[in-house]
Amino acid sequence: MEIYRKTFAEINLDHLAHNIRVLQNAFPNAPFMCPMIKANAYGHGDIQLAKCLEKLGIQHLGVCLIEEGLSLREAGVKAEVLVFGGFDREGASKIMQFQLTPVVSSWEQLDHLEAAATTSVPMHLKFDTGMGRLGFSPSEAQKLFDRLWQNKKIRLKALLTHLYQADDAQAEDGSTSAQLRQLHQVSLLFKPFQIFCHALNSAGALNLMCCEREKNIKENHPLLLQNWGLRPGLMIYGYSPLDASARQICDLKPVMTLKSVASNFRFMKIGESVSYGGTWTAKRESVIAVVPIGYADGYHRILSNQSFALFNGFRVPVVGNVCMDYLMLDITDAVKGSDLGLLKNQEVTLFGFDSQGGFLSAEELAKKNSHSITWEILTSVGERVPRIYTGSGA
Ligand SMILES: Cc1ncc(COP(=O)(O)O)c(C=O)c1O
């Protein structure tokens, strides 16, 4: 791809491989390991990541939309692709045509699948154990069993639920434990199908890793009720959803670095302002760098006058309102004694790793500055930001 604007997201496939290995080493016997690559692999590029994950031995991939599944198939991805979002009759036909695996959350979806089925369709069955979003009530388990047992058109492969607050998974009386107990209970009824269950997202998986490392988990803890399958998202991209203490459990490596350059400089006198609305005014003679990335690229406007970037080995503040295509940095301290001519078009790191060994976390942008979440920061990186892949992913 030709790039005329030096703004891009660097995606480090070696870091992805490292994070996957962390999981594979921690859960060598997991019945199911399904990295979630919905939403363009959390902004990292789903086709490239899917191909890398396949090489790493991953056999299942999770998407939300049928469209996402189709584009993976069209790109030649062979792994089993689970579609977690809803579908109608037409969607059911597409799912079959492209050999995607539907996650069924409603009676209507079951009807569509049966109506469209020409052969026995494999599917996973979702139960709502507290998320309040998608899935059958556990109280419908018997009725579902009756519908699916010896059903020639639909082949049940697994049961699942989605954890809504898996940070608390270590607590035996927490919401996650309650959710896992409910799914386990349902799975006892479905025993004749000889299937497995999946439930652990990043927080669930990391909490289980914590417990096992610290050997402080009782045999009958819900995390150990059965060999739960995993659907990790955030952690494969190198971030932990847990707080700092629990995070030490494994060293994840952030996969995405968002970069641009200092494309030109402005010299401000005391009292002069920067950007729309003049929300930042120079209190000293200041050097401002103009950086060609803005909210249309996913750098949220709410970060105006709130966040930092890395430049010339310094953390420098974003000043003035973030524009659609640009943002401005106060680089006064970072350029003291430097030849500005040499710093023109020098790298600016919005988050991730700079080339001088510095790191700025997407989580920090999310938490401290915009009350967002790391998931949102990553998935916001816009379509017009090219992704550049580094590393072999081996
Ligand atoms: C159904 C489902 N499973 C797993 C995940 C992965 O969650 P996380 O990114 O927290 O690991 C998601 C993410 O939203 C999801 O919707």
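Above: the structure in question.
Nothing here was measured: the structure is a model prediction, and the numbers come from that model. (Residues numbered from 1 in each chain as written. Predicted model: local features only at pLDDT ≥ 70, side-chain atom pairs only at ≥ 80, totals over all residues. Heavy atoms only, no water.)

Caption draft 1: Looking closely at empty space enclosed by the protein. Per the stated rule, a full pass over the model turns up 1 cavity of 30 Å³ or more. In this model, the largest cavity occupies a volume close to 50 Å³. As for the largest cavity, its lining consists of L258, G298, Y299, H300, L303, F351, L365, I377 and V381. Residue composition of the lining of the largest cavity, by class: 7 nonpolar, 2 polar and no charged. (1 Å grid on protein atoms, 1.4 Å probe; cavity = no way out; pocket = protein on both sides within 12 Å on 5 of 7 lines; lining within 4 Å. Points joined across faces, edges and corners; volume = space filled by probe spheres on them. Nonpolar A, V, L, I, M, F, W, Y, C, P; charged D, E, K, R; others polar.)

Caption draft 2: Spatial organisation of the site of the ligand. Looking at the ligand, there are 14 residues lining it, with K38, Y42, S202, G233 and L234 nearest. Note that an oxygen atom of the ligand is positioned 2.8 Å from one of the backbone N or O atoms of L234. Judged by the fraction of its atoms near the pocket grid, the ligand is located in the largest pocket. Here the shell around the ligand is composed, by residue class, of 6 nonpolar, 4 polar and 4 charged. (Near = heavy atom within 4 Å. Polar contact = N/O pair within 3.5 Å; in protein donor to acceptor, adjacent residues only side chain to side chain. Sits in = over half its atoms within 2 Å of the grid points.)

Caption draft 3: Structural detail: the layout of surface pockets. Empty space within the largest pocket amounts to approximately 660 Å³. Considering the residues around the largest pocket, the lining is formed by 25 residues, among which K38, Y42, H162, N201 and W375 are closest to the centre. At the level of elements, α2 (38-43) and α9 (202-214) are the ones that each hand at least two residues to the lining of the largest pocket. Across the lining of the largest pocket, the residue classes break down as 15 nonpolar, 5 polar and 5 charged. (Helix = DSSP H or I, 4+ residues; strand = E, 2+ residues; numbered from the N terminus.)

Caption draft 4: Looking closely at the pattern of salt bridges. Considering all chains together, one arrives at 15 salt bridges under this definition. One salt bridge connects E347 with K259, and the closest N-O pair in it is separated by 3.0 Å. Here the residue E347 occupies a position in strand β17 (residues 347-353), and K259 occupies one in strand β9 (residues 256-261), the gap between them amounting to 88 residues. (Salt bridge = Lys/Arg side-chain N within 4 Å of Asp/Glu carboxyl O.)

Caption draft 5: Examining the pairing of strand β2 (residues 60-63) more closely. Neither face of β2 is left uncovered, since the one carrying H60 and G62 and the one carrying L61 and V63 both have all their residues buried. Sheet topology note: the β2/strand β3 (residues 80-83) ladder contains 4 bridges and is parallel. Paired with H60 across the strands is E80, a residue of β3. With helix α4 (residues 66-74) bridging β2 and its parallel neighbour β3, the resulting β-α-β unit is right-handed. (Buried < 20%, exposed > 50% of the residue type's maximum accessible area, 1.4 Å probe, protein only. Pairing = 2+ DSSP bridges. Right-handed = clockwise from strand over helix to strand, strands pointing away.)

Caption draft 6: Fine view of the pairing of strand β15 (residues 314-319). Pairing analysis gives 4 bridges linking strand β14 (residues 308-311) to β15, with the strands arranged antiparallel. The residue of β15 that forms the bridge with L310 is R315. A loop of 2 residues connects β14 with β15, the two strands running antiparallel in sequence, and N312 in this loop sits at a positive phi of about 55°.

Caption draft 7: Structural context of the side chain of H184. Relative to the elements of secondary structure, H184 occurs in helix α8 (residues 175-189). By relative accessible area, which is 16% here, H184 ends up buried. Excluding its chain neighbours within four sequence positions, the residues that come into contact with H184 are L225, Q226 and W228. (Contact = heavy atoms within 4.5 Å.)

Caption draft 8: Expanded view of the packing of helix α6 (residues 107-116) against helix α7 (residues 141-148). Interaxial distance between α6 and α7 falls to 13 Å at its minimum, and their mutual angle equals 5°. One element, α6, and the other, α7, form an angle in the roughly parallel class. Between α6 and α7, the residues in contact are W107, L110, D111 and E114 and K143, L144, R147 and L148, respectively. The class makeup of the residues in the contact of α6 with α7 is 4 nonpolar, no polar and 4 charged. (Axes fitted to C-alpha atoms, helices over the stretch in contact; angles between N-to-C directions. Parallel < 35°, antiparallel > 145°, perpendicular 65-115°, else oblique.)

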